2 protein chains.
Amino acid sequence: MDLSLAIYVLAFFPTTFALDNGLMKTPPMGWLAWERFRCDIDCRHDPKNCISERLFMDMADRLAEDGWRELGYVYINIDDCWSSMERDKEGRLQPDPQRFPGGIPKLARYIHDRGLKLGIYGDLGTHTCGGYPGTTLDKIHTDAQTFADWGVDMLKLDGCYSNSTEQEQGYPLMSKALNATGRLIAYSCSWPAYQGGLPPNVNYTQLGEICNLWRNYDDIEDSWDSVLSIVDWFSDNQDLLQPAAGPGRWNDPDMLIIGDFGLSLEQSRSQMALWAIMAAPLFMSNDLRTLSNDARAILQNKVLIGINQDPMGVQGRRLLKEKTRIEVFWRPLSDSASTLVFFSRRSDMPYRYRSSLGKLGYKAGNYKVYDVFTGKTMPALTDTTNFTVSINPSGVVMWFLSPTKLWGREGEHPSLLHNHVEEIVHPILL
Amino acid sequence: MDLSLAIYVLAFFPTTFALDNGLMKTPPMGWLAWERFRCDIDCRHDPKNCISERLFMDMADRLAEDGWRELGYVYINIDDCWSSMERDKEGRLQPDPQRFPGGIPKLARYIHDRGLKLGIYGDLGTHTCGGYPGTTLDKIHTDAQTFADWGVDMLKLDGCYSNSTEQEQGYPLMSKALNATGRLIAYSCSWPAYQGGLPPNVNYTQLGEICNLWRNYDDIEDSWDSVLSIVDWFSDNQDLLQPAAGPGRWNDPDMLIIGDFGLSLEQSRSQMALWAIMAAPLFMSNDLRTLSNDARAILQNKVLIGINQDPMGVQGRRLLKEKTRIEVFWRPLSDSASTLVFFSRRSDMPYRYRSSLGKLGYKAGNYKVYDVFTGKTMPALTDTTNFTVSINPSGVVMWFLSPTKLWGREGEHPSLLHNHVEEIVHPILL
């Protein structure tokens, strides 16, 4: 791979126009109901887990009280199956009265009072994927205004039950409609996922102008196979996808399933590391009420979050796919820093991978290396120093690197210090 | 499925002849190096993990000191890559002198001194799978005598680099040769795995007469996919495989990978539960020095071990494969007890599965139910009571059941009391 070419391409990022709402200059973080709670509407038998205002209030409490909000996890996002099966007399969407008896504005207040933001779900089409009322073209302005009136801060617009012509009209129209409400509402578009995710069917320049983030590919499932299929698809198509991302406009490989049932701890670390490489939105879909300490430690790793949230907002790439089934990923960060992820696709035992920074495209120089999961700073490397990393099966070793000259006396790198965390938490929209 | 037919078939089990060494009346338990440590012979760079006497002494210490031995985990088994590349002047196998400087007899004493047993590995063929000296037909008596002289308690005989004719001669010959040494050496045969694992290529009646256990299918890898492929193969072929098993002769679906890198906790519980259903040998291949408490709790679950080790020794079966991707497994146990495993192949969210014991083939009556992983005794069920179990994605719910009339006043069932644990630990061969 020609790394200089990649960097040359990266230099053109800022010229693309982003959605003009000023939101999500770094990838959004928060919690989204779908993967873990799906369309469970059986509140009689499963009151704690059904899609209801109680579930979202529970999760808001956890984000606010368990240290998530301070790290940037501020969105509480409703997904499908929240609404009544009928619009109201004025043609507006309304929540299911049994499951959301207080209504959405009250839930929004509950969430805002805790310094968090509320996301909601709609579907461009006759019905949502779960069969609830959809947003047909003639309803776009009504629904945008309803969400704004309710105090919603983000909309995920799915694409079931619409054709490509309707999507071509509808997704830009909703963007304008949201802007027209005067409320800052972040906009997540499922459009590309319905069009195969790739040019020429998908116009990423246009998407960057109308959406803050977009789902490119299949829904994640609670399995390692699902994570791998997503990582493979995004990596195989990185030349087309990587230039689309930047501050305010993000590729979305879908939710974090860390803390659910299907990933080992190694695999959980791998998802978190690879999502940071991809500058991916970090929406957890898990049960924050019962999360294990191990899962929490991975999701709350400050340096890892700082890397994901790097203000330069350049998406990383897979550099190498070795025959040994080791893969190396890289992402450039601000202040000449970078991150490397050494990823093992093996299923036997820890593999000792030997390389040097020079072989991975780094320029001549001295680099300080911090191991993101062990928390250890390692001896400085030159570009020609041979090193060996031991990578566990389905696991990663993740490094934060920077030219030695940039490190201060306290051993802290500027990129690690001025990460976004303070900025994103305080100026909350109410 | 006709359950009465299955029980009818089961009644004929005791008529098959087992290998005449009196060993392994219940499935063997212990630790085996292969899956976790493979053919790592790089003791210079990886002294703690390379195949060496130190590794086996470390693991023996852990089995003896961390509560494993008392639960029945008594075998410490060497796998491939232990030997020198050359036989000695007398034509005998010899261990690698750098990695086993004390020799095998000293290692055997170390292991016996701790109340444990030593297993070793050979290969019927010109070379082992890892390229070390194999046991050709003319070497069978020499090698059997060498192992006996060394104080070895078990032999796994692999089948790389031999053809089916040689295997047909060699596997029975080694059985006789082991018997002829006068030392009780348990015998694990990889033969069926090299012949597709199924009749007519494999004669399970003969295997039961010459081997204590046998590998039927592919090697396990450190991944959930690998566990699933094994469970599927054994279940798809259960009508052929189940009758082969019984006291002293066991199908071996390969090692437990619980505590390694590839399984989530749910998946770890599932492997342990399904291995108990299959009356499988419980050879852990993990690093007992660094095992997590969660993995340890699963591997040391006493009731689960008691079920695996049920003295009746009847292998269980998959009863149902639902369209919902729920599967139900069942194994009959002594004293009219039984175990049920409800297994979810889903990757979305916990699934509420509804059934009754009658639907699962249970006779009319009252049954007491103990949940093996939660440790809770549940309200008694009749065969017609409808129940609902919530099964996590890639997880199990495992029940121990018995007719209510058999439970004593102290709430203990006889099958749970007289499990094998005491019997297997005390009469250790030295």
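Residues numbered from 1 in each chain as written. Chains lettered and ligands numbered in written order. Predicted model: local features only at pLDDT ≥ 70, side-chain atom pairs only at ≥ 80, totals over all residues. Heavy atoms only, no water.

## A look at the overall build of chain A
Scanning chain A from terminus to terminus reveals 15 helices and 16 strands. Looking at the 430 residues of chain A, the share that counts as buried comes to 63%. Considering only contacts within chain A whose residues lie at least 6 apart along the sequence, 73% involve residues at least 24 apart. Approximately 16,500 Å² of chain A is accessible, and the part contributed by carbon and sulfur atoms is 51%. (Helix = DSSP H or I, 4+ residues; strand = E, 2+ residues; numbered from the N terminus. Buried < 20%, exposed > 50% of the residue type's maximum accessible area, 1.4 Å probe, protein only. Contact = heavy atoms within 4.5 Å. Areas by Shrake-Rupley, 256 points an atom, 1.4 Å probe, with all protein chains shown as cover.)

## Observations regarding the side chain of A:T26
Tracing the backbone shows A:T26 in the loop between helix 1 (3-10) and strand 1 (29-32). At 2.5 Å, the side chain of A:T26 and the side chain of A:Q309 are in polar contact. (Polar contact = N/O pair within 3.5 Å; in protein donor to acceptor, adjacent residues only side chain to side chain.)

## Observations regarding the packing of helix 9 (residues 224-236) of chain A against helix 11 (residues 265-277) of chain A
All names here are of chain A. It is the contact of helix 9 with helix 11, at a shortest axis distance of 11 Å, that shows an interaxial angle of 25°. With respect to each other, helix 9 and helix 11 are oriented roughly parallel. As helix 9 packs across helix 11, the resulting crossing turns out to be left-handed. When helix 9 is examined against helix 11, the residues W224, V227, I230 and V231 are found in contact with a partner set consisting of Q267, S270, Q271, L274 and W275. When its residues are assigned to classes, the contact of helix 9 with helix 11 shows six nonpolar, three polar and no charged. (Axes fitted to C-alpha atoms, helices over the stretch in contact; angles between N-to-C directions. Parallel < 35°, antiparallel > 145°, perpendicular 65-115°, else oblique. Left-handed = near helix turned anticlockwise from the far one by under 90°. Nonpolar A, V, L, I, M, F, W, Y, C, P; charged D, E, K, R; others polar.)

## Some thoughts on the interface of chain B and chain A
With 25 residues of chain B in contact, the opposing surface of chain A contributes 25 residues. Taken over both partners, the interface formed by chain B and chain A buries close to 1,900 Å², and the fraction arising from carbon and sulfur atoms is 54%. Contact with chain A buries area across many residues of chain B, yet B:F261, B:S347 and B:M349 alone supply 31% of it, more than any other trio. At the boundary of chain B and chain A, one finds zero salt bridges. On inspection of chain B and its partner chain A, the count reaches eight residue pairs in polar contact (both at pLDDT 80 or more). Of all the secondary-structure elements, those providing two or more residues to the side of chain B that touches chain A are helix 2 (34-37) and helix 11 (265-277) of chain B. By residue number, the principal contributor to the side of chain B that touches chain A is helix 2 of chain B, which donates three residues. The residue inventory of the side of chain B that touches chain A, partitioned by class, reads six nonpolar, eight polar and eleven charged. (Buried area = accessible area lost by both parts, 1.4 Å probe. Salt bridge = Lys/Arg side-chain N within 4 Å of Asp/Glu carboxyl O.)

## Quick look at the packing of aromatic side chains
A complete count under the given rule lists 36 aromatic pairs over all chains for this structure. Consider the rings of A:Y204 and A:W214, whose centres lie 5.9 Å apart with planes at 45°: the pair is tilted. Taken together, the positions of A:Y204 in helix 8 (residues 204-210) and A:W214 in strand 6 (residues 213-215) put the pair ten residues apart, joining distant regions of the chain. For the pair A:Y204 and A:W214, a shared accessibility class is recorded, and that class is buried. Ring geometry for A:W224 and A:F343: centres 6.0 Å apart, planes at 85°, overall edge-to-face. Of this pair, A:W224 sits in helix 9 while A:F343 sits in strand 11 (residues 338-344), placing them 119 residues apart in sequence. A:F343 matches A:W224 in its accessibility class, with the two residues each being buried. Put simply, the rings of A:W31, A:F37, A:F56 and A:F100 touch in pairs and so form one group of aromatic residues. The ring of A:F37 carries A:R36 above its face, with NZ or CZ at 4.6 Å from the centroid. Looking at B:R114, its charged tip hangs above the ring of B:Y110, at a distance of 3.5 Å from the centre. (Phe/Tyr/Trp six-rings, centres within 6.5 Å; stacked < 30°, edge-to-face > 60°. Lys NZ or Arg CZ within 6 Å of the ring centre and 35° of its normal.)

## Re the packing of helix 5 (residues 140-150) of chain A against helix 6 (residues 164-180) of chain A
Residue and element names in this part refer to chain A. With their axes 9 Å apart at the nearest point, helix 5 and helix 6 run at an angle of 40° to one another. It follows from the interaxial angle that helix 5 and helix 6 lie oblique. The handedness of the crossing between helix 5 and helix 6 is right-handed. Along its contact with helix 5, which presents I140, H141 and A144, the element helix 6 presents G170, L173, M174, A177 and L178. The residue inventory of the contact of helix 5 with helix 6, partitioned by class, reads six nonpolar, two polar and no charged.

## Here's the deal with the confidence of the model for chain A
Residue and element names in this part refer to chain A. Residues with a pLDDT of 70 or more make up 90% of chain A, whose mean pLDDT is 92. Considering only residues more than four positions removed or in separate chains, one finds that residues 5-18, a stretch of pLDDT under 50, has 21 contacts. Predicted confidence for residues 417-430 stays below pLDDT 50, and this span has 30 contacts to residues more than four positions away or in other chains. Both scores are given for the predicted complex: the pTM is 0.92, the ipTM 0.91. (pLDDT = per-residue confidence, 0-100.)

## What about the sheet that holds strand 9 (residues 317-321) of chain B?
Residues and elements named next belong to chain B. In spatial order, the strands read 9-10-11-16-13-14; together these six strands make up an open sheet with antiparallel pairing. The sheet terminates laterally at strand 9 and strand 14 (377-382), the two strands that pair on one side only. Along the sheet, successive strands turn relative to each other by an average axial angle of 25°, direction set aside. When strand 9 meets strand 10 (residues 326-332), the two strands line up antiparallel, connected through four bridges. Bridge assignment links K321 to a residue of strand 10, and that residue is E327. Contacts between helix 9 (residues 224-236) and the sheet are confined to strand 9, strand 10 and strand 11 (338-344), with strand 9 contributing the most and set at about 100° to the helix. (Pairing = 2+ DSSP bridges.)

## Re the state of the cysteines
Residues and elements named next belong to chain A. By the definition in use, this model includes eight disulfides over all chains. Between the sulfur atoms of C43 and its disulfide partner C50 the distance amounts to 2.0 Å. Between C43 and C50, the S-S dihedral sits near 100°, and the bridge is therefore right-handed. Given a relative accessible area of 25%, C43 falls into the partly exposed group. Taking the relative accessible area as the measure of exposure, C50 reaches 1% and is therefore buried. Disulfide partner of C189: C211, at an S-S distance of 2.2 Å. What sets the handedness of the C189 and C211 disulfide is the S-S torsion sign, and at about -95° it is left-handed. Highlighted residues: C189 in strand 5 (residues 186-189) and C211 in the loop between helix 8 and strand 6, separated in sequence by 22 residues. Using a relative accessible area of 0% as the deciding quantity, one classes C211 as buried. (Disulfide = S-S within 2.5 Å.)

## A short note on the pattern of salt bridges
Residues and elements named next belong to chain A. A full pass over the atoms with the stated rule returns 50 salt bridges over all chains. The residue R99 makes a salt bridge to D96 at a minimum N-O spacing of 3.6 Å. Here R99 and D96 have matching classes, each one buried. Because the salt bridges share partners, they merge into one network encompassing D232, D236, R318, E327 and R345.

## Some remarks on the pairing of strand 13 (residues 366-371) of chain B
Where a strand is regular, its side chains alternate between the two sheet faces. All names here are of chain B. When strand 13 meets strand 14, the two strands line up antiparallel, connected through four bridges. Looking at strand 14, one finds that N366 is bridged to T382. A loop of five residues connects strand 13 with strand 14, the two strands running antiparallel in sequence, and G375 in this loop sits at a positive phi of about 75°. Judged from the five bridges that link them, strand 13 and strand 16 (residues 396-403) form a sheet pairing that is antiparallel. Bridged to Y367 within strand 16 is P403.

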